[in-house]
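What the coordinates show
The lines below spell out each chain.
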Amino acid sequence: MQSNKFEFLTNRWHWLMVGITVGLIGILVGFVDLKPQVGQNFFFATDNPAFQQAQKIEETFKSQQFLIMTATSPEIQSDWYMNSIEKLSDRLLELDPVIGVKSISHGPKSLKAAVNGPMWNRLLIADEGKATNILIMLEENDRATLIPKIEKIMVDADSGEFELRISGPPYIVEMIRRNLVRDFALFSSAAVILFGLMIAILFKSWRILLGTMSACLSAVILTLLIQQLVGQKIGLLTANLTTIVFVLTLSHIIFMTGNWQKRQPDDNDSSMTWQAWKRTATASSWCMLTTLLGFASLMMVQAKPLRELGIGGTIGTFAAMFCAYLLYPPFLAWIDQIDKHPKPKNQNDTQAKWTQKPLWPVTVGLILLGIGLGIGIKQVNTDPSLLAYFNEGSNLHDGLSYIDRNGGSSPLKFVVQRKPTGDDKQSDSLLNNKQAYEQLWDAQQQLEKDPSVGTIISLPVLMAQAKKAPLAILLPFEMLLDILEKPSYDRTAKSFITEDRVKGLFMIRMVEQNREKVRLEVIDRLKESLKSNGFEVSMVGGLYYLQGELAALVEKSLIQGLLGIVGLFAVIALFVSRNIRATVGMVIAVSIVPAGILGLIGWLKIPLDVISAPAANVCIGMAVDAMIHLTIAARKNEHWKTNRWQAWCEARSQQWISIVNSAIVVGAGFGIFAVSSFPPTQRFGIAVVLGTIIAAAAALFVLPVLAGYPVLSKPKINTEK
């Protein structure tokens, strides 16, 4: 008699696996930073050209981070309002990271001077004179501690007649970080609880539940540990990685458990757990390879969040396979040890009549649905407004919306230089003369006519404000610039012109609402406007530009990534099925998933931000798992060479419960994200639930028909056993 390959599992090894999980939890709590990190440069890695260009602008023009606070009141001309602004400005200046404040009490001599000043009017006056701005200049600091202090000051100063709102890149980034921290803690835990609840309901065994939770939690913790060891912190996209890794592990477990439930005792072969392990391992290995290649492809993308997801997903894919096949089987063996003589299950016990039929209306309907929805992919908006990150009607959204309408909320920076027109190119390139001043004014006024442009501060605005000073109009341009570069004037000129007087800076607050074009198209339009006024744009920076570049990379990686995954899947499908028709069927079936998800998003005009974009990849992974398990079951069927359709029908009879169980568990777990107050998390959860349903339907109703239904003869199904 052959030795039992899983004999060592039939003792108390399941408790060792529980102990390993408990030990990993202890290490996690003690050594892993579980707080999602979202920094100012969360868009790109430091070696990215777009990020480097933006950083160069900051260094060249000594730019500082800033926040914009708007104080709205029906009585902005009253002494009470002026005193309130002064007290508020003084309190803000007391904060260590705040290095400067500009307001109607800290800058211009009076409200009237602010209204009449070319620069002060643009900087400080808002909402057609119904509000004023407070600009808060910051040095590099931990926003997680700074923003709450500013919010406390705002709460203390706010009253029925004095409403405060705030915006600016540091504030927006901090709000995104807060939402991720809350969702990471709350919804990841809730999803795990739901996953466990569904496993308990479906398999009705506390031992299976214990084994599932042990393996899945261990995979998640291993992923987080290895991530930290390689220097990767939890970021913009990897905040949801814990749930993704949990699902990857769960998928292996559900199919292994499904095969184990069909166990047939055979003393001459091996243990029943070993049977299930062998029956599932081949398909799981191919599924792992497909998922691994999908995540690995993201590691080559310039966008930092996608690259981080690629690294974390690659680690998680290995961890999921390792834990599912090492930590979970002892629990199945434990049940086998208790129930030494389980009643053999007849293959017809789980056989449903529908599994023996092609169900053409469903098959054709799913294919047509995929095509119809897929047309909507062209309308997918991967470059949504900043406001799309926050719930409409919330105080945060309303505040950002107000500031956006009154001067813009997203900064854009253009570094410009004159295009020489005469023989003396060096002289024609300088910006410190009257001709250049007038040319810059013309460029500014033309930019201000663009509907996407809010407030612009530039060299001509600065010079126009300086000329308001007594006798300043008599001074040459260069002398004025020298004066404005002195510490007594906060070295203001250095923020708008280089020392060689060749390059100047346009600081633009861009309006996010009602934008019909993607950001990079808007930027190109503005660059053409500057070009028509005789200026070349040598560098572009600011949050608006970085978001535009990120959106372009998301769109590119989304299209190329999905096409790449489908292409890789086609190769793997050919190896798995060893049949051209089955390969074509698998590719068509799996293509319905991204077509359905992204197409519906496009038709419904739902924003597809960088956080929700990976949902399609997650769902393709689910579809791939189901289809590979189904295909291998069909190919191993005894009828594969003689009656292909019967082989597929019997494979569907064997695997449909596992496929449906997987869809139910994953759908329930990710469904919890739909109730998040953070719109990107909502969209991610809803997209995964939708995709999971489509993936299961495509695997069960499209693949078997396309791969096995006879074209030229009437199918014959033998249901006798």
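Residues numbered from 1 in each chain as written. Predicted model: local features only at pLDDT ≥ 70, side-chain atom pairs only at ≥ 80, totals over all residues. Heavy atoms only, no water.

Things to note about unusual backbone geometry
In plain terms, the rule: Every helix listed is a DSSP run of H or I at least four residues long, and every strand listed is a run of E at least two residues long, numbered separately from the N terminus. Here's how the labels work: a residue is buried when its accessible area is under 20% of the maximum for its type, exposed when over 50%, partly exposed in between, all with a 1.4 Å probe on protein chains only.
Here the phi dihedral of Lys 204 falls at roughly 50°; this positive angle occurs in a residue that is not glycine. Secondary-structure assignment places Lys 204 in the loop between α7 (169-203) and α8 (206-229). On the basis of relative accessible area, Lys 204 is assigned to the exposed category, the value being 70%.

Quick word on the packing of aromatic side chains
What counts is decided by this rule: Only Phe, Tyr and Trp rings take part, Trp by its six-membered ring, and two of them pair if their centres are within 6.5 Å. Stacked means planes under 30 degrees apart, edge-to-face means over 60, and tilted covers everything else. Each ring is checked for a lysine NZ or an arginine CZ that lies within 6 Å of its centre and within 35 degrees of its normal; such an atom marks a charge sitting over the ring.
Scanning the model with the defined rule gives 18 aromatic pairs in all. Connected via pairs of aromatic rings, a cluster forms that spans Phe 195, Phe 246, Phe 670, Phe 673 and Phe 684. Cation over ring: Arg 165 sits above Tyr 402, and NZ or CZ is 3.8 Å from the ring centre. One cation-aromatic arrangement involves Arg 644 over Trp 640; the distance from NZ or CZ to the ring centre is 3.9 Å.

Things to note about the pattern of salt bridges
We apply this condition: Salt bridges are defined as contacts in which a side-chain nitrogen from Lys or Arg sits within 4 Å of a carboxyl oxygen from Asp or Glu.
One pass over the full model with this rule turns up 16 salt bridges. Two residues, Lys 494 and Glu 499, come together in a salt bridge whose shortest N-O distance is 3.5 Å. Arg 515 is paired through a salt bridge with Glu 512; the nearest N and O atoms lie 3.4 Å apart. The pair formed by Arg 515 and Glu 512 is uniform in burial state, with each residue classed as buried. Connected through salt bridges with shared partners, the residues Glu 151, Glu 174, Arg 177 and Arg 178 form a single ionic network.

A look at helix α18 (residues 477-484)
So the rule is basically this: This arc corresponds to the set of directions leading from the helix axis out to the C-beta atoms. Residue contacts are defined here by distance: any two heavy atoms, one from each residue, within 4.5 Å place the two residues in contact.
Within α18 the residues assigned to the buried category are Phe 477, Leu 480, Leu 481 and Leu 484. The buried residues of α18 occupy one face: seen down the axis, they fall within an arc of 100°. Where α18 is buried, its residues meet α16 (434-448) and α17 (459-466).

Observations concerning the side chain of Thr 291
Relative to the helices and strands, Thr 291 resides in helix α10 (residues 272-298). In contact with Thr 291, other than residues within four places in its own chain, are Leu 248 and Thr 317.

Side note on the pairing of strand β6 (residues 410-418)
What counts here: Only strands that DSSP links by at least two bridges are regarded as paired with each other.
Of all nine residues that make up β6, nine are buried, and the element is covered over most of its length. Residue alternation in β6 divides its side chains into two sets, Ser 410, Leu 412, Phe 414, Val 416 and Arg 418 and Pro 411, Lys 413, Val 415 and Gln 417, and both sets are buried. Direction of pairing for β6 relative to strand β8 (residues 503-510): antiparallel, over a ladder of eight bridges. Paired with Ser 410 across the bridge in β8 is Met 510. Sheet analysis places β6 next to strand β9 (residues 535-541), joined by six bridges and oriented antiparallel.

Comments concerning the environment of Glu 512
Mapped onto the secondary structure, Glu 512 falls in the loop between β8 and α19 (519-532). Under the relative-accessibility criterion, Glu 512 is labelled buried at 1%. Sequence separation between Glu 512 and Val 453 is 59 residues; the distance between their C-alpha atoms is 9.1 Å. Other than its neighbours up to four places away in sequence, Glu 512 contacts Ser 385, Leu 386, Asp 404, Ser 409, Ser 410, Arg 519, Tyr 544 and Gln 547.

Such coordinate-based values are descriptive only and should not be taken to indicate function.
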